[in-house]
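# Fold and geometry: a report
What follows is the residue order along each chain.
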Amino acid sequence: MTTIASNLQQVRDRIAQACGAAGRDPASVSLLAVSKTFGAEAVVQGAAAGQRAFGENYIQEGVEKIAVVGRAFDPALQWHCIGPIQSNKTRLVSEHFDWAHTVDRLKTAERLSAQRPDHLPPLQICIQVNIDGGSTKSGVAPEETLALVRAVAKLPRLRVRGLMSIPDHAPDFEAQLAIHKRAKRLFDQISGLGEPGLEGFDTLSMGMTADLEAAIHAGSTLVRVGTGIFGGRTYQAP
Ligand SMILES: *Cc1c(COP(=O)(O)O)cnc(C)c1O
C-alpha cells in the first residue's frame, strides 16, 4: 500500500470513529481530499485508493491538475474549488470545477452562473460563512447569509448546496465544537425553511485534518482533509 493509500484509510477510520461517537451514520459524511500543492501523481494515487472528490485552493494549479488527472486519467473524479475566487478567475472555475465552496458575494455568484458552460450541469455552490467573525477573513457575515443564499438560489446555472466555514485554529475539542455548532445552527435554520430553490441545501462543509472530529460531532457533512492524506505541505503555491 502507498503512503497516501494508508493515510486515506486512517482518515476514513477517523471519520467512522467520530461518526460512531456522535451517533451518526458514516455515510452521512463525505471526504474531500485537499490536494493543493501536491502534484498529479498524488491525486492519481488517491484515486487508485478509491478517493473520488478532490479539493484545490489555487485555481490555475487546480485547472492544470484537472486537465492531467481529471480529463485524461479519470473523468469521473469530482473537483471542488475551495480557495478564494477573484473576479478574473470565475471563468476558469465555471469551466473546470464541479463545486465551488468559497462564494461569499453575489457578484462572484453572478459571474459563475453567467460563465457556466451549457453542456455542464449546474455548478454546485457552498456559501462561505465567516462564522467566528475574524475581521480580515473571507466569508459572509452570519446575519447576511440567508439573503445571499436566497439570491444565489435564483441564479440559473448554479445550485446552492449549503454552507462552508474555515474557523480559526481553536485550542481544543470543546472550543472547536462550540464554533462548529454555530455553523450547524445557521445551516439548520436555512435548510429548515424548505424554500423553493433550496431543495438541494444538504451540505455543511467544515472540518479539516486538525478538527474533523469536532466538526463531525457538530454536524459536518463534508470534511476537507489535506495534511492527513498527502502529508505536510512544503510550499505555498502563489
Ligand atoms: C488547505 C485547506 C484544507 C485542508 O487543510 P489540512 O489542515 O491540510 O487538512 C481544508 N480547507 C481549506 C479551505 C484549505 O485551504
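Residues numbered from 1 in each chain as written. Predicted model: local features only at pLDDT ≥ 70, side-chain atom pairs only at ≥ 80, totals over all residues. Heavy atoms only, no water.

An unreviewed UniProt entry lists the protein chain under the name Pyridoxal phosphate homeostasis protein, from Acidovorax carolinensis. Quoted verbatim from the Cofactor (unreviewed entry) field of the UniProt record, the comment on the protein chain reads "pyridoxal 5'-phosphate". What UniProt states about the protein chain under its Function (unreviewed entry) heading is, verbatim, "Pyridoxal 5'-phosphate (PLP)-binding protein, which is involved in PLP homeostasis." (UniProt positions renumbered as here; feature names shortened; annotations may be inferred.)

Moving on, we come to helix 1 (residues 3–22). If you check helix 1, its first and last C-alpha atoms are 28 Å apart, about what 20 residues at 1.5 Å a residue would give, namely 28 Å. Along helix 1, the positions that sit buried rather than exposed are I4, A5, N7, L8, V11, I15, A18 and C19. Seen end-on, helix 1 carries its buried residues on one side only, within an arc spanning 165°. With respect to the buried face of helix 1, the exposed residues turned more than 90 degrees away are T3, Q10, Q17, G20 and A21. Along its buried surface, helix 1 packs onto strand 1 (30–34), helix 2 (40–48), helix 8 (212–218), strand 8 (222–225) and helix 9 (227–230). One or two positions beyond helix 1, positive phi appears at G23, with a value near 70°. (Helix = DSSP H or I, 4+ residues; strand = E, 2+ residues; numbered from the N terminus. Expected span 1.5 Å × (residues − 1). Buried < 20%, exposed > 50% of the residue type's maximum accessible area, 1.4 Å probe, protein only. Arc of directions from axis to C-beta. Contact = heavy atoms within 4.5 Å.)

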